[in-house]
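Summary of the model geometry
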Amino acid sequence: MRIDILTLFPEMFEGPFNESILRRSQENGFVEIVFHDIRDYSQDKHKKVDDYAFGGGAGMVMQIEPIALLLDKLKSERSYDEIIYMTPDGDRFSQTIANQVSLLNNIIVLCGHYKGVDQRVRDYYVTREISIGDFVLTGGELAAAVVVDAVVRLIPGVISDETSALTDSFQDNLLAPPVYTRPADFRGWKVPDVLLSGHQAKIDQWREEQAWQRTKKLRPDLLDEK
Ligand code: ADE
């Protein structure tokens, strides 16, 4: 999978994308993540990329020209399955959307700033708009990092234990059951006996029950969707 990220602040991604699973997934060739600085495509002598909104009002709007030039260049080089714009008024991100996006080959993720991008970018280029929740961030970068993280870990082979992503919370609209590791007894706080029993069928049944109980208690709305 190839992910092109269009941003005014490529450095914002350096931390999250250069550690742990996201770093290894790039080193091992499961995903290629390419950053593009939108400012590099500004035709303005001061490299300006934003301007006042027509009609007035507070806040700057990202201009269409640099974004269009960059998108035209990328689209002439390969075909893209989706051009995703990160915005608080997009579709609410979910495990279902992460699963869908993880099946694609080439995607573009566009990060907005200030008041967002000129509406014509959305009308003529963007194919999908995603929000990570009902709150407003300073820009789309952190939201894009969240989406890319959730998507990349679903690419087969990225997580070493192949079944691991399948047993995540939300994958079947249930929260994950509790997990424990050594020591079995810490200050008298004990691990449930069934997990030490070696009886796999019983362990599976216990996990399933725990997942249901947790979901019923913490997220009953998920059970309505099952
Ligand atoms: N940009 C600013 N806020 C955002 C949000 N909540 N989700 C996605 N992109 C955003």
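Residues numbered from 1 in each chain as written. Predicted model: local features only at pLDDT ≥ 70, side-chain atom pairs only at ≥ 80, totals over all residues. Heavy atoms only, no water.

On the surface, Asp-172, Asp-204, Glu-208 and Glu-209 cluster together to form a negatively charged patch. Overall, Glu-209 belongs to the partly exposed group, its relative accessible area being 40%. (Patch = residues over 30% accessible without salt bridge, like charges linked within 9 Å, V, L, I, M, F, W, Y side chains within 5 Å. Areas by Shrake-Rupley, 256 points an atom, 1.4 Å probe, with all protein chains shown as cover. Salt bridge = Lys/Arg side-chain N within 4 Å of Asp/Glu carboxyl O. Lys, Arg positive; Asp, Glu negative; His and termini not counted. Charge placed at Lys NZ, Arg CZ, Asp CG, Glu CD. Buried < 20%, exposed > 50% of the residue type's maximum accessible area, 1.4 Å probe, protein only.)

Attention now goes to a nonpolar patch on the surface. Judged by side-chain polarity, Met-12, Phe-135, Leu-137 and Leu-142 come together as a nonpolar surface patch covering roughly 340 Å² of accessible area. Mapped onto the elements of the fold, Leu-142 is located in helix H6 (residues 141–152). Given a relative accessible area of 45%, Leu-142 falls into the partly exposed group. (Helix = DSSP H or I, 4+ residues; strand = E, 2+ residues; numbered from the N terminus.)

As a further point, take the UniProt feature "binding site: S-adenosyl-L-methionine" (unreviewed entry) in the protein chain. Mapped onto the present numbering, the UniProt feature "binding site: S-adenosyl-L-methionine" (unreviewed entry) falls on Gly-112, Ile-132, Gly-133, Asp-134, Phe-135, Val-136 and Leu-137. Topologically, Gly-133 is positioned in the loop between strand S7 (128–131) and H6. Overall, Gly-133 belongs to the buried group, its relative accessible area being 6%. If you trace the backbone, Leu-137 turns up in the loop between S7 and H6. Setting aside anything within four residues of it in sequence, one finds Leu-137 in contact with Ile-132, Leu-142 and Ala-143. (UniProt positions renumbered as here; feature names shortened; annotations may be inferred. Contact = heavy atoms within 4.5 Å.)

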